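Residue-level structural notes
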2 protein chains.
Amino acid sequence: MIPTYIIAIGDELLYGQTLNTNAHSLSKMMTDVGFKVIKHISIADDKQTILDTLEQMAKVAKVVLITGGLGPTKDDITKKTFAEYFNVGMRRDENVLKHVQSLFESRGRMMTQLNQAQADVPTNCKVIHNALGTAPGMWFEKDGCVFISMPGVPYETKNIMQQEAIPRLIEFFKPPFIVHKKIQTVGVPESMLAQNIEEWENNLPPHIGLAYLPHLGRVTLRLTSEGKDKQKIEKELEEQVKKVLPLLQEAVYGLDDETLEGVVANLLKEKKFTLGIAESCTGGHTARTFTQNEGASQFFEGGIIAYSNDVKMKILGVKLDTIVKYGAVSQQTALEMAEGVRKTLGTKIGIATTGVAGTGGGTDEKPVGTIWIAYSDENETVAKTYQLTKNRNLNIQLTTNAVLNLLRKKLIKI
Amino acid sequence: MIPTYIIAIGDELLYGQTLNTNAHSLSKMMTDVGFKVIKHISIADDKQTILDTLEQMAKVAKVVLITGGLGPTKDDITKKTFAEYFNVGMRRDENVLKHVQSLFESRGRMMTQLNQAQADVPTNCKVIHNALGTAPGMWFEKDGCVFISMPGVPYETKNIMQQEAIPRLIEFFKPPFIVHKKIQTVGVPESMLAQNIEEWENNLPPHIGLAYLPHLGRVTLRLTSEGKDKQKIEKELEEQVKKVLPLLQEAVYGLDDETLEGVVANLLKEKKFTLGIAESCTGGHTARTFTQNEGASQFFEGGIIAYSNDVKMKILGVKLDTIVKYGAVSQQTALEMAEGVRKTLGTKIGIATTGVAGTGGGTDEKPVGTIWIAYSDENETVAKTYQLTKNRNLNIQLTTNAVLNLLRKKLIKI
């Protein structure tokens, strides 16, 4: 076991102004590669507190990951505190300086004295390259314990970990292999999945762990095992996956790190189908879910966010009569939106969402959480309805999930 | 100062399976009422670890808030560990038992032995009512330090704090007031802001704290002070805000908890202007930024996600000639998109984004991160360009920020 502690530095965390997502993502990354996370600690931007914490950690940890407390302005004192803790001076790192300069040049901005000082590091550290930002990561060693300091900006931290810190930590500590196999499901509640696979679960060998990880209408089943022989562990887990897949049937959309939107995108690319999206209640979230990933332009022609009834009629060709008779949140409107976006944009497939996302806008007949989604291709146009939650953002995300799942089920059949 | 420590218990936190949002929301609530949060700690569901942590806390804390480790299956460890720590036995609380029974009845479910045991508490605790769940909150006192244990389900924790724990803590400790004033800025880097306000910052009285909180092209400046006379502190901070605002000029988009999209939404609502959005590189993210908030339908008519050139031409009326001559990522295309969406949707204002979000798709002439945004109303149509980063998702968010900021600057002038 390699005991790992995760420290976050920042008054803003203790004031409750910033949510500490780094502890969460670092824990996941470290657990995945066989380190044992013992504790998360968040502390203030205060020299003595940082010194005390480092001292305590050095007694119990093999790895200490520290996020935050680095940045160009005066509230950041972390680097000097490290120098004091390790009893060393500071030096200006030429490579970091060049990197900071190039970042500023590429953004067409002028560097200040403060920015130049970002290249100053304690003399005993190995610099860890921060490709996405100006504050470098730093690797320190003392009495067999490794301290890694990284900036607090989550996407910088994540990138430093994936690209630099984790490979070096694995090289340094050679942790046991932890192998995870994941089965990604959607549309079936956790308790029902558990019922369907109960017998298989009861027969799992005790050294294989099973976790249900639910998230927004999707449930990940994760099998975990560890040891020195990676191939043997992988083979054993793959055999268990093979056994359980038939019990889960079409709830399964993918394996390991596949995402629902990624699986749907791949199906569309393979079949060379184009997609058009008409969104009312999801307000751009469904399109955004596809376009966040590179390569969306291979199948995604475009989307119409038809927030007003006017746009539903003018651009999508929804009939005034339909809206008057059934309302904007109705099976009929959803059907006409899906067909309308397919025809207007000239795509193979059209999908549509309309609903009462909330928080307000509900009626007795159509309470908050009433959602219609629709799918249209040249052969059929179909709609489904859901009664979701009272929470606006949750409803938006669950609706996008539902329409992606409807699209997936259609695509695997045509 | 009333030193407050926030402890979260749960293996799932250390595995990186659950994000600890309780530390964040409890910190905000406690800070708002004048308690000083010193540290967040997350630890495993393990008796000895919990005992050690309680012992350490008792030496330095006045208040210890503990979340998690309560529930029908985990109950035994945390509650019995408390009883052991305080050296007392357990008792069954009749009020809690009745409450648990009534919750089960209202959900039409049967109680198990495990559920009945949820009414067991250490004999020295005062029960804190958990209106939304079955695991009671518990208040312990030892040597002038208050320990409050709550379940880990975020909405239960929040409700217990607001309804029960905070009023009792204020009554018990009579804390000083902590006041924050925040200035929200966009479009100017942290280091340049710092230069612009350097003299003011150097002249701040030492009892007023200043922090720079950067986030995706926006920087929050936070002033903090505390004392017994809330009105006096507020007045002093407001005077400092008044002094610094002219130095920051139009980088400031709002104060305190205002968001950029909220400020723009309010400007549009006040002026009764309607908005249409044409997105290429942001792929729905800009519309999504508005529609995540309730009331967007008051000004947001709709959006066209014109991902393909075909949709740019067919729906937005961008000229083929323009695309052939200047390319889809160009000033001319951005201008025609903004004007096109305004005319097509019949809105007062149109905004548009087009760019090379990345990761691929860059050329020597237009590298990844080349972005054009445009604004159009009946009097003018203007475009701006940016050279952003190599990171796709960051580029999408920064582009949305930039177009919101352009829109804001136009709206405050017309």
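Residues numbered from 1 in each chain as written. Chains lettered and ligands numbered in written order. Predicted model: local features only at pLDDT ≥ 70, side-chain atom pairs only at ≥ 80, totals over all residues. Heavy atoms only, no water.

1. What to know about the sheet that holds strand β11 (residues 218–227) of chain B
Residue and element names in this part refer to chain B. Taken together, four strands build an open sheet; the order of strands is β10-β11-β9-β12 and the sheet is antiparallel. Each edge of the open sheet carries a strand with a single partner, namely β10 (209–215) and β12 (252–255). For this sheet, the mean inter-axis angle between neighbouring strands, taken without regard to orientation, is 20°. Inspection of the sheet shows strand β9 (residues 177–186) paired to β12 by three bridges, in the antiparallel sense. The residue of β12 that forms the bridge with Thr 185 is Val 252. (Pairing = 2+ DSSP bridges. Helix = DSSP H or I, 4+ residues; strand = E, 2+ residues; numbered from the N terminus. Axes fitted to C-alpha atoms, helices over the stretch in contact; angles between N-to-C directions.)

2. With respect to the side chain of Lys 39 of chain B
Among the secondary structure elements, Lys 39 of chain B is positioned in strand β2 (residues 36–43). One buried charged residue, Lys 39 of chain B, remains without a salt bridge, the closest side chain of opposite sign being Asp 52 of chain A at 7.8 Å. If near-sequence neighbours (up to four positions away) are discounted, Lys 39 of chain B is found in contact with Leu 14, Ile 41, Ser 42, Ile 43 and Gln 56 of chain A together with Thr 4, Tyr 5 and Ile 6 of chain B. (Buried < 20%, exposed > 50% of the residue type's maximum accessible area, 1.4 Å probe, protein only. Lys, Arg positive; Asp, Glu negative; His and termini not counted. Salt bridge = Lys/Arg side-chain N within 4 Å of Asp/Glu carboxyl O. Contact = heavy atoms within 4.5 Å.)

3. Things to note about the domain arrangement of chain A
Interface size is often expressed as the accessible area that is lost when the parts come together. Residue and element names in this part refer to chain A. The domain architecture assigned to chain A consists of domain 1 (3–173), domain 2 (177–255) and domain 3 (271–411). Spacing between the C-alpha centres of domain 2 and domain 3 amounts to 32 Å. Contacts between the two partners involve nine residues from domain 2 and, on the opposite side, eight residues from domain 3. The junction of domain 2 with domain 3 conceals about 640 Å² of combined surface from both sides, 51% of it contributed by carbon and sulfur atoms. Looking only at domain 2, the three residues that lose the most surface to domain 3 are Val 186, Leu 216 and Glu 250, adding up to 69% of its buried area. (Domains from an automatic or database assignment. Buried area = accessible area lost by both parts, 1.4 Å probe.)

4. A word on the pairing of strand β14 (residues 300–306) of chain A
Residue and element names in this part refer to chain A. For β14, the buried fraction is high: seven of the seven residues fall into the buried class. Bridging between strand β13 (residues 275–279) and β14 involves five bridges; their strand directions are parallel. Bridge pairing links Ile 277 to Gly 303 in β14. For the crossover from β13 across helix α12 (residues 285–291) to β14, the handedness is right-handed. (Right-handed = clockwise from strand over helix to strand, strands pointing away.)

5. As for the nonpolar core
If you look at the biggest cluster of nonpolar residues, it comprises 67 residues, and the most contacted ones within it are Leu 275, Ile 349 and Leu 407 of chain A together with Leu 275, Ile 349 and Leu 407 of chain B. Of all the elements, helix α16 (residues 392–411) of chain B adds the most residues to this core, at nine residues. When sequence neighbours within four positions are dropped, the list of residues in contact with Ile 349 of chain B reads Leu 268, Phe 273, Thr 274, Leu 275, Gly 276, Arg 342, Tyr 375, Ser 376, Asp 377, Leu 407 and Leu 411 of chain B. Counting 39 residues, the second-largest nonpolar core is a separate cluster that includes Ile 304 and Val 356 of chain A together with Ala 278 and Ile 323 of chain B. (Core = buried A, V, L, I, M, F, W, Y, C linked by side-chain atoms within 4.5 Å.)

6. Considerations on the sheet that holds strand β7 (residues 137–142) of chain A
Read across the sheet, twelve strands follow the order β6(A)-β7(A)-β8(A)-β3(A)-β1(A)-β2(A)-β2(B)-β1(B)-β3(B)-β8(B)-β7(B)-β6(B) without closing on themselves; strand pairing throughout is mixed. The sheet is open, and its two edges are formed by β6 (126–128) of chain A together with β6 (126–128) of chain B, each paired on a single side. Averaged over all adjacent pairs, the angle separating strand axes in this sheet is 20°, with direction ignored. Inspection of the sheet shows β6 of chain A paired to β7 of chain A by three bridges, in the antiparallel sense. By the bridge assignment, Lys 126 of chain A is partnered in β7 of chain A with Trp 139 of chain A. Along the sheet, helix α3 (residues 47–60) of chain A makes contact with β1 (3–9), β2 (36–43), β3 (63–67) and β8 (145–150) of chain A together with β2 of chain B, crossing β1 of chain A at roughly 175°.

7. A few points about the layout of surface pockets
Counted as a void, the second largest pocket has a volume near 540 Å³. Taken together, 23 residues make up the lining of the second largest pocket; nearest its centre are Thr 31, Lys 36, Ile 178 and Glu 226 of chain A together with Tyr 15 of chain B. Those elements that place two or more of their residues in the lining of the second largest pocket are β2, β9 (177–186) and β11 (218–227) of chain A together with α1 (11–14) of chain B. Looking at the lining of the second largest pocket element by element, the count peaks at four residues for β11 of chain A. Of the residues assigned to the lining of the second largest pocket, the class counts are eleven nonpolar, eight polar and four charged. (1 Å grid on protein atoms, 1.4 Å probe; cavity = no way out; pocket = protein on both sides within 12 Å on 5 of 7 lines; lining within 4 Å. Points joined across faces, edges and corners; volume = space filled by probe spheres on them. Nonpolar A, V, L, I, M, F, W, Y, C, P; charged D, E, K, R; others polar.)

8. Quick notes on the packing of helix α11 (residues 260–271) of chain A against helix α16 (residues 392–411) of chain A
Residues and elements named next belong to chain A. Their axes nearest at 10 Å, the elements α11 and α16 cross at an angle of 35°. Crossing geometry of α11 relative to α16 is assigned as left-handed. Contacts between α11 and α16 involve Leu 260, Glu 261, Val 263, Val 264, Leu 267, Leu 268 and Lys 271 from the first element and Asn 401, Leu 404, Asn 405, Leu 407, Arg 408 and Leu 411 from the second. (Left-handed = near helix turned anticlockwise from the far one by under 90°.)

9. Side note on the packing of α3 of chain A against helix α4 (residues 78–86) of chain A
All names here are of chain A. Look at α3 against α4: their axes get within 10 Å of each other, and the N-to-C directions meet at 50°. With respect to each other, α3 and α4 are oriented oblique. Crossing of α3 against α4: the hand is right-handed. Contacts between α3 and α4 involve Lys 47, Ile 50, Leu 51, Leu 54, Glu 55 and Ala 58 from the former and Thr 78, Thr 81, Phe 82, Glu 84 and Tyr 85 from the latter. Of the residues in the contact of α3 with α4, the class split is six nonpolar, two polar and three charged. (Parallel < 35°, antiparallel > 145°, perpendicular 65-115°, else oblique.)

10. Focus on the interface of chain B and chain A
On the chain A side, the residues contacting the 77 residues of chain B number 75 residues. Between chain B and chain A the total buried area reaches about 6000 Å² when both faces are included, carbon and sulfur atoms providing 53% of it. The interface formed by chain B and chain A includes 31 residue pairs in polar contact (both at pLDDT 80 or more). Here the side of chain B that touches chain A takes eight residues from β2 of chain B, the largest share from any one element. For the side of chain B that touches chain A, the class distribution of residues is 26 nonpolar, 37 polar and 14 charged. Two elements, β14 of chain A and strand β14 (residues 300–306) of chain B, share five bridges in a ladder whose sense is antiparallel. Across the sheet, the residue bridging to Gly 302 of chain A is Ala 306 of chain B, located in β14 of chain B. (Polar contact = N/O pair within 3.5 Å; in protein donor to acceptor, adjacent residues only side chain to side chain.)

11. Some thoughts on the pattern of salt bridges
Residues and elements named next belong to chain A. A complete count under the given rule lists 29 salt bridges over all chains for this structure. Across the pair Lys 47 and Glu 84 runs a salt bridge, and its minimum N-O distance is 3.0 Å. Placement of Lys 47 in helix α3 and of Glu 84 in helix α4 is noted, with a sequence separation of 37 residues between them. You can call Glu 84 partly exposed: its relative accessible area is 42%.

12. Notes on a nonpolar patch on the surface
On the surface, Leu 132, Val 153 and Tyr 155 of chain B cluster together to form a nonpolar patch covering roughly 270 Å² of accessible area. Its place among the elements puts Leu 132 of chain B in the loop between β6 and β7 (137–142). (Patch = residues over 30% accessible without salt bridge, like charges linked within 9 Å, V, L, I, M, F, W, Y side chains within 5 Å. Areas by Shrake-Rupley, 256 points an atom, 1.4 Å probe, with all protein chains shown as cover.)

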